[in-house]
Amino acid sequence: MAILSSGDSNQGPSSSRAKSRVVDGALTQEEKSSSEDGLRPQRLDEYIGQAELKQILNIAVKAAIERGEALDHVLLYGPPGLGKTTMALVLAEELGVKCRVTSAPALERPRDIVGLLVNLQPRELLFIDEIHRLTRVAEELLYPALEDRRLDINVGKGSTARMRSLRLNPFTLVGATTKAGSLSSPLRDRFGLIQRLEFYGLDDLQKIVQRASGFMGLVLTNDASNEIARRCRGTPRIANRLLRRVRDVSIVRGKNTVIDEHLVDEALSLHSVDRIGLDASDRRFLKLLLESYNGGPVGLETIAAALGDDPNTIESVVEPFLLQLGFIQRTSRGRVVTNLGRSHLGWPDKK
Ligand code: ADP
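Residues numbered from 1 in each chain as written. Predicted model: local features only at pLDDT ≥ 70, side-chain atom pairs only at ≥ 80, totals over all residues. Heavy atoms only, no water.

A. Local environment of helix α11 (residues 261-270). Looking at α11, one finds that the buried residues are L263, V264, A267 and L268. Within α11, the buried residues cover an arc of 125 degrees as seen down the axis, which keeps them to one side. Projecting away from the buried face of α11 at angles above 90 degrees are the exposed residues H262 and L270. Next to the buried residues of α11 lie α9 (222-231), α10 (236-252) and β10 (258-259). The N-capping residue of α11, defined by a side-chain oxygen 3.2 Å from the backbone nitrogen of H262, is D260. Looking one or two residues beyond α11, the residue adopting positive phi is S272, at roughly 60 degrees. (Buried < 20%, exposed > 50% of the residue type's maximum accessible area, 1.4 Å probe, protein only. Helix = DSSP H or I, 4+ residues; strand = E, 2+ residues; numbered from the N terminus. Arc of directions from axis to C-beta. Contact = heavy atoms within 4.5 Å. Polar contact = N/O pair within 3.5 Å; in protein donor to acceptor, adjacent residues only side chain to side chain.)

Right, here's the structure in full:
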């Protein structure tokens, strides 16, 4: 299967200040240019976890093959690094077709999306990352393409301008987004399958770490892979990244035989990643609320100003994991640290 990549992807809000965080789910420059592709599972049965998603897509793929038709359009949503791009590539492999990979910010001019659509061969996949960032014009070109395999384009100018319709080959759009709520409803309605990716459980993460360590030529004890699984925020991309940082320390220490949990702890402590995957940014956030505001509620703008960060980054990068852990709550009056969050930082419960 060939992957035809167009444009720059994964330039979400998290790419600004939080770029250097080892526990940020977004793709880093190192991962873009290096080994990420080698670690991706290629077939459904190699794709670890997400049992329900796999079951649904497996049936849809088999039915599409049986009917000799293109797979219905698929929307995958969930936080970065959970395997949306990987799933699109797996689907193409299962269908035996090519996957063209792009992202919404690379489709700014109408001709970008027109060029992609007219060149699609029968039943090929078009993967658009960050699909909530499509321009209005691009979206409107997509509607008839998704529904009737038709592209309506304006040719000529002024009084000679007219609309021409082009027939497209049957194709499948796989859209990915971290913000399903930001998708316009006409666009969302055109996807036949809308699936959420969940954070991974410990067992699955451990399998992902073991699999990736095999590709990197590393040997980890069971406790070592378990330690990485516990500290990677339920996210395969972070698990793989932590494993690379562990590999660095193991090479420098000259202990590149068997990696145990002490070595993992040493490597991850170096990057200030604690036992449950919180890093310095998370702790700064929690400490600000606790030390300056007695645990909240505090408005997002106030937090952003105090931390010198932008509200968008805090909302999309720092808060989701803290919310998922139940360490903070978003209330109408602002953010509040829960008793769980307080106790993780050694603070007494709030009465
Ligand atoms: P997303 O598109 O959701 O940001 P990706 O598909 O790029 O995430 O996945 C990030 C990395 O995590 C991939 O390179 C792959 O190595 C790994 N990964 C993701 N999902 C899985 C999985 N289910 N099994 C094994 N590895 C996975």
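B. Structural context of the packing of α10 against α11. Between α10 and α11, whose axes approach to 9 Å, the crossing angle comes to 110 degrees. Classified by the angle their axes make, α10 and α11 are roughly perpendicular. Contact residues: L242, R245, V246, V249 and S250 in α10; L263, V264, E266, A267, L268 and L270 in α11. (Axes fitted to C-alpha atoms, helices over the stretch in contact; angles between N-to-C directions. Parallel < 35°, antiparallel > 145°, perpendicular 65-115°, else oblique.)

C. Broad picture of the site of the ligand. Surrounding the ligand, one finds 18 residues, the nearest of these being I48, G81, T85, T86 and R237. Taking T86, its side chain carries an N or O atom lying 2.5 Å from an oxygen atom of the ligand. Y200 is positioned such that a nitrogen or oxygen atom in its side chain is 3.2 Å from a nitrogen atom of the ligand. Burial of the ligand by the protein chains amounts to 99% of its free accessible area of 560 Å². Where the shell around the ligand is concerned, the elements lending two or more residues are α2 (36-39), α4 (84-95) and α10. Partitioning the shell around the ligand into residue classes produces 9 nonpolar, 5 polar and 4 charged. Two domains each provide a minimum of three residues to the shell around the ligand, namely domain 1 (3-196) and domain 2 (202-270). (Near = heavy atom within 4 Å. Areas by Shrake-Rupley, 256 points an atom, 1.4 Å probe, with all protein chains shown as cover. Nonpolar A, V, L, I, M, F, W, Y, C, P; charged D, E, K, R; others polar. Domains from an automatic or database assignment.)

D. Fine view of the confidence of the model for the protein. Per-residue pLDDT for the protein has a mean of 90; in total, 91% of the residues score no lower than 70. Taken together, the stretch residues 7-19 has pLDDT below 50 and engages in 33 contacts with residues farther than four places along the chain or on a different chain. (pLDDT = per-residue confidence, 0-100.)

E. View of unusual backbone geometry. With an omega of 5 degrees, the peptide bond between G296 and P297 qualifies as cis. Mapped onto the secondary structure, P297 falls in the loop between α12 (280-293) and α13 (300-307). Despite not being glycine, Q50 shows a phi value in the positive range, around 50 degrees. For Q50, the position within the fold is in the loop between α2 and α3 (51-67). You will see that R123, though not glycine, has its phi angle at about 65 degrees, which is positive. Tracing the sequence through the fold places R123 in the loop between α5 (110-118) and β4 (125-129). According to the relative accessible area criterion, R123 is partly exposed, its value standing at 37%.

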